[in-house]
Amino acid sequence: MTPSPPGGAPDPAPVDPVVPGAVNLRDVGGLRAGPAATRYGVLFRSGNLARLDQAGTRALADLRLRRIIDLRADDEVARDPSRIAGLDVVTQRVPLFLGSVESFFRDDISLDEMYRRLVDDSSDGVIAVVRGILADQPVLVHCTVGKDRTGVTIALTLAGAGVDADAVIADYARTEGLLPARRNRKIVEMLRAMHPDAVHLEDLATKSPAPVMRALLDDVARRYGSAEEYLRAHGLDDAEIAELRRVLLQRDA
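Read on for a plain summary of the structure. Everything numeric here is computed off the predicted structure, so don't read it as measured data.

Focus on the overall build of the protein
Logical step 1: When you go through the protein residue by residue, the secondary structure sums to twelve helices and eight strands.
Logical step 2: Scaling as 2.2 N^0.38, a compact globule of 253 residues should have a C-alpha radius of gyration of about 18 Å, and the protein matches this with 17 Å.
Logical step 3: Each principal axis of the C-alpha atoms in the protein carries an extent, and together these give about 55 × 45 × 35 Å.
Logical step 4: For the protein, buried positions account for 50% of its 253 residues.
Logical step 5: Put simply, of all contacts in the protein between residues at least 6 apart along the chain, 74% involve residues at least 24 apart.
Logical step 6: A total of about 11400 Å² of accessible surface is found on the protein, and carbon and sulfur atoms cover 52% of it.
Logical step 7: The averaged location of the 38 negative side-chain charges in the protein is 4 Å from the averaged location of its 33 positive side-chain charges.

Here we look at the side chain of T157
Logical step 1: Topologically, T157 is positioned in helix α6 (residues 149–161).
Logical step 2: Since its relative accessible area comes to 0%, T157 is described here as buried.
Logical step 3: Apart from the residues lying within four places of it in its own chain, the contact partners of T157 are V130, I133, L244 and L248.

Thoughts on unusual backbone geometry
Logical step 1: Cis rather than trans, the peptide bond between Q137 and P138 has omega equal to 0°.
Logical step 2: Along the chain, P138 falls in the loop between α5 (123–135) and β7 (139–142).
Logical step 3: The phi dihedral of N24 falls on the positive side, at around 65°, and the residue is not glycine.
Logical step 4: Examined against the element boundaries, N24 turns out to sit in the segment before β1 (26–27).
Logical step 5: The residue D108 is not glycine, and still its phi comes out positive at about 55°.
Logical step 6: Here D108 shows up in the loop between α3 (101–107) and α4 (111–121).

Considerations on the nonpolar core
Logical step 1: Judged by nonpolar contacts, the single largest core of 60 residues is most densely connected at L43, Y115, L158, L231 and L248.
Logical step 2: The dominant element in this core, judged by the number of residues it contributes, is α6, at seven residues.
Logical step 3: Filtering out sequence-adjacent residues up to four positions away, L248 remains in contact with A37, T38, R39, V42, L43, T157, L158 and A161.
Logical step 4: Counting residues in each nonpolar core, the second largest holds 14 residues, with V19, L49, I68 and V89 among its members.

Overview of the packing of α6 against helix α12 (residues 238–248)
Logical step 1: At a minimum axis separation of 9 Å, α6 and α12 run at an interaxial angle of 100°. Classified by the angle between their axes, α6 and α12 sit roughly perpendicular to one another. Along the contact surface, α6 presents T157, L158, G160 and A161, while α12 presents I241, L244, R245 and L248.
Logical step 2: When the residues that make up the contact of α6 with α12 are grouped by side-chain class, the tally is five nonpolar, two polar and one charged.

Focus on the sheet that holds strand β3 (residues 36–38)
Logical step 1: If you trace the three strands from one edge of the open sheet to the other, you get β2-β3-β8, paired in antiparallel fashion. Edge strands, defined here as strands with exactly one partner in the open sheet, are β2 (32–33) and β8 (249–251).
Logical step 2: As defined by bridge partners, β3 adjoins β8 across three bridges and the pair is classed as antiparallel. The residue of β8 that forms the bridge with A37 is Q250.
Logical step 3: Seen against the sheet, α12 touches β3 and β8 and runs at an angle of roughly 65° to β8.

What counts as what
- Residues numbered from 1 in each chain as written.
- Predicted model: local features only at pLDDT ≥ 70, side-chain atom pairs only at ≥ 80, totals over all residues.
- Heavy atoms only, no water.
- Helix = DSSP H or I, 4+ residues; strand = E, 2+ residues; numbered from the N terminus.
- Rg over C-alpha atoms; globule rule 2.2 N^0.38 Å.
- Buried < 20%, exposed > 50% of the residue type's maximum accessible area, 1.4 Å probe, protein only.
- Contact = heavy atoms within 4.5 Å.
- Areas by Shrake-Rupley, 256 points an atom, 1.4 Å probe, with all protein chains shown as cover.
- Lys, Arg positive; Asp, Glu negative; His and termini not counted.
- Charge placed at Lys NZ, Arg CZ, Asp CG, Glu CD.
- Core = buried A, V, L, I, M, F, W, Y, C linked by side-chain atoms within 4.5 Å.
- Axes fitted to C-alpha atoms, helices over the stretch in contact; angles between N-to-C directions.
- Parallel < 35°, antiparallel > 145°, perpendicular 65-115°, else oblique.
- Nonpolar A, V, L, I, M, F, W, Y, C, P; charged D, E, K, R; others polar.
- Pairing = 2+ DSSP bridges.

Everything listed here is a matter of geometry and, on its own, says nothing about what the molecule does.
Put into structure tokens, the structure is as follows:
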């Protein structure tokens, strides 16, 4: 495996899986973790699976997923159910927001504040996701866009397994470039009509700035010592932490 480019970017890897109808779907393999790296074909992340066509469902099946972890709230699932009929896969629901998605736009909170709330108020859900990842692989974790709930949960999971902070941040920041521009324009126009004076609207809807994730990881380290200790503080034991490393990481040849 070749060394990472500067700044913690992932190692060169196969092209992201193409699943028609899925947004922001990618394999988190190839992220540096000291002398090791994350395995390919184990942990995937994405936005929702509500717009898959038949080709998309077949392409998703080709990933041989054993578990899909859906972080959306009940109303989101009811409005946009996943199109995964016929797949032999465990579906695990872990609604991660305490409150509605709409409330974040209405209250005009920042990404920093949203992420702090996820870390503080949804720790039980984060632990449930990590345990779901340990239970079955390959596994896909997703929410609606794959940016915030998925981004924070995957970041804490990867950092807790020992992935380098720069690599975790680089993976999070990739999302912004994977969201279609047409989708962004449409969403921002709709939300701006509803919340004309909102300051944080575009960040909440479309951005994944590296400094925001760096600040989150720094805050977790300041308060808990590390992401690993955050996971321990909320219920993971030593054996589960060791298993997380075994599942996600492999040493360089």
